[in-house]
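# Coordinate inspection notes
Take a look at the letters that make up each chain.
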Amino acid sequence: TVFTLGCTIRCIHCQNWGLSQWQEHGTPMGPRGMALLIARLREQGCRNINMVGGDPTPYCWLWLRTMAHVDASIATVWNSNSYYSRETSLLLAGFIDLYLLDFKYGNDSCAAEISGAPGYWEACTRNHLMADRYGEVIIRVLVLPGHNKCCTKPILEWIAGNLGPWTRVNLMFQYRSEWRAREHKELGRRLNRHETDEALLIAREVGLMNLVSG
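Rules used in this analysis
Residues numbered from 1 in each chain as written. Predicted model: local features only at pLDDT ≥ 70, side-chain atom pairs only at ≥ 80, totals over all residues. Heavy atoms only, no water. Helix = DSSP H or I, 4+ residues; strand = E, 2+ residues; numbered from the N terminus. Rg over C-alpha atoms; globule rule 2.2 N^0.38 Å. Buried < 20%, exposed > 50% of the residue type's maximum accessible area, 1.4 Å probe, protein only. Contact = heavy atoms within 4.5 Å. Areas by Shrake-Rupley, 256 points an atom, 1.4 Å probe, with all protein chains shown as cover. Lys, Arg positive; Asp, Glu negative; His and termini not counted. Charge placed at Lys NZ, Arg CZ, Asp CG, Glu CD. Expected span 1.5 Å × (residues − 1). Axes fitted to C-alpha atoms, helices over the stretch in contact; angles between N-to-C directions. Parallel < 35°, antiparallel > 145°, perpendicular 65-115°, else oblique. Left-handed = near helix turned anticlockwise from the far one by under 90°. Pairing = 2+ DSSP bridges. Right-handed = clockwise from strand over helix to strand, strands pointing away.

## Regarding the overall build of the protein chain
- When you go through the protein chain residue by residue, the secondary structure sums to eight helices and seven strands.
- Relative to a compact globule of 214 residues, whose C-alpha radius of gyration would be 17 Å, the protein chain shows 17 Å and is just as compact.
- Counting only residues that meet the buried cut, the protein chain has 50% of its 214 residues in that class.
- Residue pairs at least 24 apart in sequence account for 73% of intrachain contacts in the protein chain once pairs closer than 6 positions are excluded.
- Approximately 10600 Å² of the protein chain is accessible, and the part contributed by carbon and sulfur atoms is 51%.
- Charge separation in the protein chain, taken as the distance between the mean sites of 22 positive and 20 negative side-chain charges, equals 3 Å.

Written out as structure tokens, the structure reads:
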């Protein structure tokens, strides 16, 4: 796993806000330096390179140039919030083996209010379809307190209807109130048992068959 600083969105509940909001100090590195790092990791037995942050999108150019200098055969993992441009999705096509993607919101209103991500639904659904077309896909859905009806339900319905019931989905219940989350009343607490049971019921009702939860 290689972490880069920065992100394309500003989730007020971000658990890695030190990375995503540039609060930590990284190590400047160009394509050749990154390629040497990857070669060392491969020699140590790493089977894939997990590109993560923050979000890897601001460094798409760096990853493309880096892998051009890597001779070893190693799988690529795009570990992203799914909020990136059509142009980025085309650059990733054929380059990424496994897309490990977040599906955060079921509507643009919640996405804009909580993560400063206007047009999230269109970008996210488009990028999931592209990922499914060009690689393997695992989708993470972080269940937020008070957001089952507006987010969890439409997200899971869309996945089942557009990617199929056997799509690998990780329904996550480990939400914590981090960073600025308490600025929104519903985000200032953990999930309750009713909300986790409700999310699991939604997943069953929409017909998802390849679900991991917890």
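Moving on, there is more to tell.
## Focus on helix 7 (residues 148-162)
- Relative to the 21 Å expected for 15 residues at 1.5 Å per residue, helix 7 spans 20 Å between its end C-alpha atoms, a close match to the ideal helical length.
- Among all positions in helix 7, only Asn-148, Cys-151, Thr-152, Pro-154, Ile-155, Leu-156, Trp-158, Ile-159 and Ala-160 are buried.
- The inward-facing, buried residues of helix 7 contact helix 5 (108-115), helix 6 (120-134), strand 5 (136-142), strand 6 (168-172) and helix 8 (193-206).
- Looking at the residues trailing helix 7, positive phi occurs at Gly-164, about 105°.

## What to know about the packing of helix 7 against helix 8
- One can describe the packing of helix 7 onto helix 8 by two numbers: an axis separation of 9 Å at closest approach and a directional angle of 25°. For the element pair helix 7 / helix 8, the angle class is roughly parallel. The way helix 7 lies across helix 8 gives a crossing that is right-handed. In contact with Asn-148, Lys-149, Thr-152, Lys-153, Leu-156, Glu-157 and Ala-160 of helix 7, helix 8 contributes Glu-195, Glu-198, Ala-199, Ile-202, Ala-203 and Val-206.

## Notes on the pairing of strand 3 (residues 75-80)
- Judged by how many residues are buried, strand 3 sits mostly within the fold: five of six residues are covered.
- Sheet analysis places strand 2 (residues 48-52) next to strand 3, joined by four bridges and oriented parallel. Counterpart to Asn-50 in the pairing with strand 3 is Val-77.
- In this structure, strand 3 lies alongside strand 4 (residues 98-102), joined through four bridges in parallel fashion. Along strand 4, the bridge assignment pairs Trp-78 with Tyr-99.
- Crossover strand 3 to strand 4 through helix 4 (residues 86-92) is right-handed.

## A look at unusual backbone geometry
- With an omega dihedral of 25°, the bond running from Gly-53 to Gly-54 counts as a cis peptide bond.
- Within the secondary structure, Gly-54 is located in the loop between strand 2 and helix 3 (60-67).
- Despite not being glycine, Ser-82 shows a phi value in the positive range, around 75°.
- Relative to the helices and strands, Ser-82 is located in the loop between strand 3 and helix 4.
- With phi around 50°, Trp-179 is a residue other than glycine that occupies positive phi space.

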